[in-house]
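Structural description and commentary
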Amino acid sequence: MKKLSISTLAVIALMAVSSCSKIADILTVDVPTDVSVDLKIPGGSSELKSSGGMAPFDVSETLDIATNPTVIQYQAKIKSIAANGGTVTVKLPGTTPPVMLKDAKLEITNLDTQVILGTWSLESKLYPNGGEVTIGAPTSGSFADISAALDAKAKVKIRLTGSTDFFTAWIMTVTLQTVVKAKVL
């Protein structure tokens with residue numbers, strides 16, 4: 001009888017432990033959180049325009065996930081932050097013709113460690129105003145590396161390089177699709 005009660009107690013304890021993790025999973029929600037950075041590409045020089053050339057650009061901005069309103073809202077309850085995709089959107093002034101991008105490269109770097117977390121090459125082509133490109137898996141690095149930096153609330157630098165035939169200032173918006181996993185209670 002004593003062995004039966006000890007066995008029963010052990011089974012109940014195991015059920016309680018496994019139930020706690022299931023309850024914790026149920027009490028955790030995924031909050032989709034897009035974080036965006038506007039990269040301002042300056043206008044090119046008139047010498048390049050008159051010779052029919054392309055104007056090179058190299059712009060970057062810092063993304064601080066800790067200042068995101070959703071991250072602030074769930075700050076004490078966050079279990080993890082994960083990046084799982086993104087987009088790049090062209091914003092041209094007024095009604096202008098499309099912008100030609102050549103050899104454009106997007107790069108995300110952890111500012112704390114100076115490690116490049118992911119790079120993407122954008123197709124050399126004409127991009128219309130409002131044109132959006134989905135960025136898939138990085139050609140180097142990974143979304144897991146980006147997620148680890150965001151989860152640690154490290155600041156990241158988003159950099160865009162390349163050349164363009166557009167000779168007035170314009171904006172390229174980079175949006176990272178992230179998920180904040182937070183405890184409800």
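Now for a description of the structure that goes with this document. (Residues numbered from 1 in each chain as written. Predicted model: local features only at pLDDT ≥ 70, side-chain atom pairs only at ≥ 80, totals over all residues. Heavy atoms only, no water.)

Quick notes on the packing of aromatic side chains
Filter applied, for reference: A pair of aromatic rings is counted whenever rings of Phe, Tyr or Trp (Trp by its six-membered ring) have centres within 6.5 Å, and the orientation is called stacked for planes under 30 degrees apart, edge-to-face for over 60 and tilted otherwise. Only DSSP runs of H or I reaching four residues or more are called helices, and only runs of E reaching two or more are called strands; each is numbered from the N terminus. The classification of residues rests on relative accessible area computed with a 1.4 Å probe and restricted to protein chains. Under 20% of the type maximum is buried, over 50% is exposed, and intermediate values are partly exposed.
Applying the stated rule across the entire model yields 3 aromatic pairs. Ring plane angle 80 degrees and centroid distance 6.4 Å describe the contact between F57 and W170, whose orientation is recorded as edge-to-face. Taken together, the residues span a long stretch of sequence, with F57 in strand β2 (residues 55–63) and W170 in strand β10 (residues 170–183) at a distance of 113 residues. Relative to W170, the ring of F166 has its centre 6.4 Å away and its plane inclined at 80 degrees; by these criteria the two rings are edge-to-face. As far as burial versus exposure is concerned, F166 and W170 are alike and both buried.

Let's talk about the environment of L160
For clarity, the cut-off: Two residues form a contact once any of their heavy atoms are found within 4.5 Å.
Mapping L160 onto the fold places it in strand β9 (residues 156–164). Spatially, the C-alpha atom of L160 lies 5.6 Å from that of K105, the residues being 55 residues apart in sequence. Excluding residues within four positions of it along the chain, L160 makes contact with L39, I41, F57, D58, V59, K105, L106, L122 and M172.

Focus: the environment of K153
Note on placement: K153 falls in the loop between α4 (143–151) and β9. The exposure class of K153 is partly exposed, given its relative accessible area of 28%. Each C-alpha atom, one on K153 and one on D64, is 7.3 Å from the other, the two residues being 89 residues apart in sequence. Discounting chain neighbours no more than four positions away, the residues touching K153 are I65, A66, V71 and I81.

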